[in-house]
Amino acid sequence: MDHNIQIERSTNLKSKPDESKLGFGQYYTDHMFILEYTEGQGWHSGRVVPYQNISMDPAAKVFHYGQTVFEGMKAYRTENGIKLFRPKKNFERLNRSNARLSIPQIDEDIAYNGLIELLNVDRDWIPSTEGTSLYIRPFIIATEAALGVNPSQNYLFMIIMSPVGAYYAEGVNPVKIHVESEYVRAVAGGVGEAKTAGNYAAGLNAQEQAKEHGYSQVLWLDGVHRRYIEEVGSMNVFFKINGVVHTPMLNGSILDGITRNSVITLLKYWGVPVEERRISVEELVEAHNKGELEEAFGTGTAAVISPIGELSYHGEKFVINNGEIGEISGKVYDTITGIQTGKVEDPFGWVVGLDS
Ligand code: COI
């Protein structure tokens, strides 16, 4: 495998966007990373090049059969330099997604080194305003031009980067979520735990319907019983019931979120009881009716920690914590973002410096 990374710098640098109006995924940095896979040769020709369109045959398998995976991670500008949050975990998960989608394993060191080279070239794009970061999107697409349904012989691995603010327009204010009872996102044995495009495409329809009724996202229920909580469109989900924090266990159909794992670790470190288990929607309704559903929040790289202020289910509304940020949600948000931006001590060694 060829470990050499070529760098071609852009001669036409773009002007940077206003950091107070970034939104999510609206702007892209000056460069991107590309690595190619050719059957018989493996991954090769890693390079940082100016951000540009790519040209592909219309028969490329990714367009027809969705053979593709992606990741999401962030870089932060802190007082002590540029920092990444548990970046190796993303490349490990990328390879787990690859395995499920019959995409060849990638050398995690080459992918990581490509990211570091790209970040070095585009380091001026990392915003510094509170609440902003550089969102990093590594992804792989199947490029072989052949319509037979079998794994592609060729792939592209790419990394693009985008300066971002909050994922939800609500920022850290609680979002309203609709519990989806008609459509399902995934079933165990399918591709629900892989980070692959189809999982997100499958959710768009329900998400659009929820938006029409004033809800930001949907909370998915399991596809077999239509009872058990899975995850929210772009987040894992946590509920504090009677002093104990509960989150759906990893069951093969939900994403093994890196923020999810970090929150569980943090709660245990604080001595807050936390349980990973099957949680039914009826149980949430009952806890709410008894006044025991104290907090709910989502976790994800893009959304970080997003408090949930209201759930709707079968036409009924369940307001949580008066629609306000709960104590644990706020503490988790402050601590995770504090660790990421170097303002809070990092007892777990999660943060990696770009220059260290
Ligand atoms: C992330 O949190 O990075 C995600 O993957 C969510 C994304 C689909 C916006």
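Residues numbered from 1 in each chain as written. Predicted model: local features only at pLDDT ≥ 70, side-chain atom pairs only at ≥ 80, totals over all residues. Heavy atoms only, no water.

Time to look at the site of the ligand. Every residue close to the ligand is listed here: Phe70, Gly72, Tyr135, Arg137, Tyr167, Lys195, Tyr200, Ser234, Gly300, Thr301 and Ala302. Tyr135 places a polar side-chain atom, nitrogen or oxygen, 2.6 Å from an oxygen atom of the ligand. Ala302 is positioned with one of its backbone polar atoms (N or O) 2.7 Å from an oxygen atom of the ligand. With the chains in place, 91% of the 280 Å² that the ligand exposes on its own is no longer accessible. Here the shell around the ligand is composed, by residue class, of five nonpolar, four polar and two charged. Shared between two domains, the shell around the ligand takes at least three residues from each, and those domains are domain 1 (6-164) and domain 2 (175-340). (Near = heavy atom within 4 Å. Polar contact = N/O pair within 3.5 Å; in protein donor to acceptor, adjacent residues only side chain to side chain. Areas by Shrake-Rupley, 256 points an atom, 1.4 Å probe, with all protein chains shown as cover. Nonpolar A, V, L, I, M, F, W, Y, C, P; charged D, E, K, R; others polar. Domains from an automatic or database assignment.)

Structurally, Leu84 is set in strand 6 (residues 81-85). We classify Leu84 as buried; its relative accessible area is 1%. The spacing of Leu84 and Ile5 is 79 residues in sequence and 20 Å in space, taken between C-alpha atoms. Setting aside chain neighbours within four positions, we find Leu84 in contact with Lys74, Ala75, Tyr112, Leu115, Ile116, Leu119, Ile136, Trp350, Val351 and Val352. (Helix = DSSP H or I, 4+ residues; strand = E, 2+ residues; numbered from the N terminus. Buried < 20%, exposed > 50% of the residue type's maximum accessible area, 1.4 Å probe, protein only. Contact = heavy atoms within 4.5 Å.)

Our next topic: unusual backbone geometry. Residues other than glycine seldom take positive phi values, yet Val304 does so here, at roughly 60°. Turning to its location among the elements, Val304 is positioned in strand 16 (residues 304-313). Among the residues examined, Val304 registers a relative accessible area of 12% and is labelled buried. Positive phi, normally seen in glycine, also occurs at His314, with a value near 50°.

Attention now goes to helix 2 (residues 87-100). For helix 2, with 14 residues, the first-to-last C-alpha span of 21 Å sits near the 20 Å given by 1.5 Å per residue. Along helix 2, the positions that sit buried rather than exposed are Pro87, Asn90, Phe91, Arg93, Leu94, Asn95, Ser97 and Asn98. Within two residues after helix 2, Ser102 carries a phi angle of roughly 55°, on the positive side. (Expected span 1.5 Å × (residues − 1).)

Of all hydrophobic cores here, the largest spans 36 residues; its most connected members are Leu115, Leu119, Ile136, Ile140 and Phe157. Listed by contribution, the elements that provide at least two residues to this core are strand 2 (31-38), strand 3 (42-50), strand 5 (73-78), strand 6, helix 2, helix 3 (108-121), strand 7 (133-142) and strand 8 (154-164). Broken down by element, the residue count for this core peaks at eight residues, all from helix 3. (Core = buried A, V, L, I, M, F, W, Y, C linked by side-chain atoms within 4.5 Å.)

It is worth spelling out the side chain of Arg93 at this point. For Arg93, the location among the structural elements is in helix 2. By relative accessible area, Arg93 is classed as buried at 4%. Side-chain polar atoms of Arg93 contact the backbone oxygen of Asp256, separated by 3.1 Å. Those residues within four positions of Arg93 in sequence are excluded, and the remaining contacts are Glu71, Lys195, Leu255, Asp256, Gly257 and Ile258.

So, about the environment of Gly223. Among the secondary structure elements, Gly223 is positioned in the loop between strand 10 (217-221) and strand 11 (229-232). Between the C-alpha atom of Gly223 and that of Tyr183, which follows or precedes it by 40 residues, the distance is 8.4 Å. Beyond its immediate chain neighbours, meaning those up to four positions away, Gly223 contacts Val184, Ala186 and Val187.

In this section: the domain arrangement of the protein chain. When the domains of the protein chain are assigned, the result is domain 1 (6-164) and domain 2 (175-340). Its C-alpha centre places domain 1 at a distance of 27 Å from the equivalent point of domain 2. Roughly 1700 Å² is buried in total at the junction of domain 1 and domain 2, and carbon and sulfur atoms are behind 59% of that figure. Interface area lost by domain 1 to domain 2 is led by Phe70, Phe85 and Arg93, which between them contribute 35%. There are one salt bridge connecting domain 1 and domain 2. (Buried area = accessible area lost by both parts, 1.4 Å probe. Salt bridge = Lys/Arg side-chain N within 4 Å of Asp/Glu carboxyl O.)

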